[in-house]
Amino acid sequence: MNLRHWSSLLACALLLALSLPGRAAEAPLRVMTFNVRVPVDTGMNAWENRRDLMVQVIKAQHPDLLGTQELTEEQGEYLAAHLPGYAWFGQGRDGGSKGEHMGVFYRTDRLQVERSGDFWLSDTPDVPGSKTWGQPYPRMVTWAHFRLRDGGGTFDYFNTHFPYLPEDVHARMLSADEILQRIGKLATSARVILAGDFNCGPDTPVHAKLTGTLQDAWTTAVSQSGPAKTFHNFTGTPDQRIDWILSRGFKVISVQTITTHEGARYPSDHFPVIAELGG
């Protein structure tokens, strides 16, 4: 076989490789954060009256990865039963199955959990239910190391809910420190997503500390849609942007605050946020 023939074969092989479907256009990772509100309300805002709307919102957005806050086991099992193709994990903040979870839902056809776990935002992070720094309730992180099944590599995900009282600034700063220490133990090349309800706005030292290492999807996305603020207390009129999606090692393609409702009924007292991450 002569050199010219070999060159022709190599050129054909290169063209074929470049034209393979999905080769150059890997689907973005769709990540949603959603404080679902514990089932303590009555009337129109009772869990039984808004849970199907929540399912509707999640199905419509079809996230690959959904981190929830204020999720009880009852709520988690309901959502899992009505979201085919998803699995979920997480434990209650007091340890075991009781109380609020940082429940993580993921598409089993898109993502594989390689390892996962929990730690608490306290001086004893490996002790379930632990609380220090003057917090009235335990606060925690549920995390996982995921692999994309389409060959898109791996990433580390952290889902959290920070202390909520105005005087909890110190506790929120220490919570941010604990998470950044965990991220600091990962390889510098590791892709990271941190999402949740941070109970403070983007003009706070907590946000400044976290965005020293991670990028805020809302401020770095190529496109944004919906209101910036997310907490609306079942009114539909948000007054604070406390639900964030932060990342490292990804390009933030888009971010959207979802405001779906049925008349005066909302799926939660927070609007969920969804980001598309590439690269």
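This is a predicted model, so every value here is computed, not measured.

Next up on the list: the overall build of the chain. Summing up its helical and strand segments, the chain has six helices and 13 strands in all. For 279 residues, the compact-globule estimate of 2.2 N^0.38 gives 19 Å, and the C-alpha radius of gyration of the chain, at 21 Å, lies within 12% of that figure. For the C-alpha atoms alone, the extent of the chain along its principal axes is close to 80 × 45 × 35 Å. Sequence separation of at least 24 residues holds for 72% of the intrachain contacts in the chain that already meet a minimum separation of 6. When the accessible surface of the chain is totalled, it reaches about 12500 Å², and 53% of it is carbon and sulfur.

Further remarks concern the pairing of strand β6 (residues 140-148). The element β6 is largely enclosed, with a buried count of seven among its nine residues. Pairing of strand β5 (residues 111-120) with β6, which is carried by nine bridges, proceeds in the antiparallel orientation. The partner of Trp120 across the bridge, within β6, is Met140. Sheet analysis places β6 next to strand β7 (residues 154-161), joined by seven bridges and oriented antiparallel. Among the inter-strand pairings, Ala144 is bridged to a residue of β7, identified as Tyr157. Counting the residues between successive antiparallel strands, the hairpin from β6 to β7 contains five residues, one of them, Gly151, with a positive phi of roughly 85 degrees.

Topologically, Asp64 is positioned in the loop between α2 (47-61) and β2 (65-69). With a relative accessible area of 2%, Asp64 lands in the buried category. Here Arg30 takes part through its backbone nitrogen, which lies 2.8 Å from a polar atom of the side chain of Asp64. Leaving out residues up to four positions away in the same chain, Asp64 has contacts with Pro28, Leu29, Arg30, Phe105, Tyr106, Arg107, Arg110 and Leu111.

With phi around 60 degrees, Trp133 is a residue other than glycine that occupies positive phi space. With respect to the element layout, Trp133 can be found in the loop between β5 and β6.

Here we take up the sheet that holds strand β12 (residues 251-257). As a general point, the strands of a sheet are linked pairwise by backbone hydrogen bonds and lie either parallel or antiparallel. With mixed pairing, seven strands are arranged side by side in an open sheet as β3-β4-β2-β1-β13-β12-β10. The strands lining the two open edges of the sheet, one partner per strand, are β3 (86-89) and β10 (223-225). The mean inter-strand angle of the sheet, taken between neighbouring strand axes irrespective of direction, is 15 degrees. Note that strand β1 (residues 29-35) and strand β13 (residues 273-278) share five bridges and pair antiparallel. Bridge pairing in β13 links Met32 to Ile274. Sheet strands in contact with α2 are β1, β2, β12 and β13, and its direction is about 165 degrees off that of β1. Packing of helix α3 (residues 73-82) onto the sheet brings it into contact with β3 and β4 (104-107), and relative to β3 it is tilted by some 165 degrees.

Further remarks concern the nonpolar core. With 24 residues, the main nonpolar core has Leu29, Leu65, Phe146, Phe155 and Ile193 as its most contacted residues. Taken together, the elements giving at least two residues each to this core come down to β1, β4, β6, β7, β8 (192-197), α6 (217-220), β12 and β13. If we ignore the near neighbours within four places in the chain, the residues touching Leu29 are Asp64, Arg110, Leu111, Leu148, Phe155, Ile193, Phe250, Ala275, Glu276 and Leu277. Core analysis: the second largest hydrophobic core is formed by 20 residues, Ala171, Leu180, Leu214 and Leu246 among them.

Quick look at the environment of Val36 now. Considering the arrangement of structural elements, one finds Val36 in the loop between β1 and α2. On the accessibility criterion, Val36 (1% relative accessible area) is buried. Between the alpha carbons of Val36 and Lys98 there is a distance of 16 Å; along the sequence they are 62 residues apart. Discounting chain neighbours no more than four positions away, the residues touching Val36 are Arg50, Met54, Thr68, Gln69, Glu70, Leu71, Gln75, Pro267 and Ser268.

Cut-offs used in this document
- Residues numbered from 1 in each chain as written.
- Predicted model: local features only at pLDDT ≥ 70, side-chain atom pairs only at ≥ 80, totals over all residues.
- Heavy atoms only, no water.
- Helix = DSSP H or I, 4+ residues; strand = E, 2+ residues; numbered from the N terminus.
- Rg over C-alpha atoms; globule rule 2.2 N^0.38 Å.
- Contact = heavy atoms within 4.5 Å.
- Areas by Shrake-Rupley, 256 points an atom, 1.4 Å probe, with all protein chains shown as cover.
- Buried < 20%, exposed > 50% of the residue type's maximum accessible area, 1.4 Å probe, protein only.
- Pairing = 2+ DSSP bridges.
- Polar contact = N/O pair within 3.5 Å; in protein donor to acceptor, adjacent residues only side chain to side chain.
- Axes fitted to C-alpha atoms, helices over the stretch in contact; angles between N-to-C directions.
- Core = buried A, V, L, I, M, F, W, Y, C linked by side-chain atoms within 4.5 Å.

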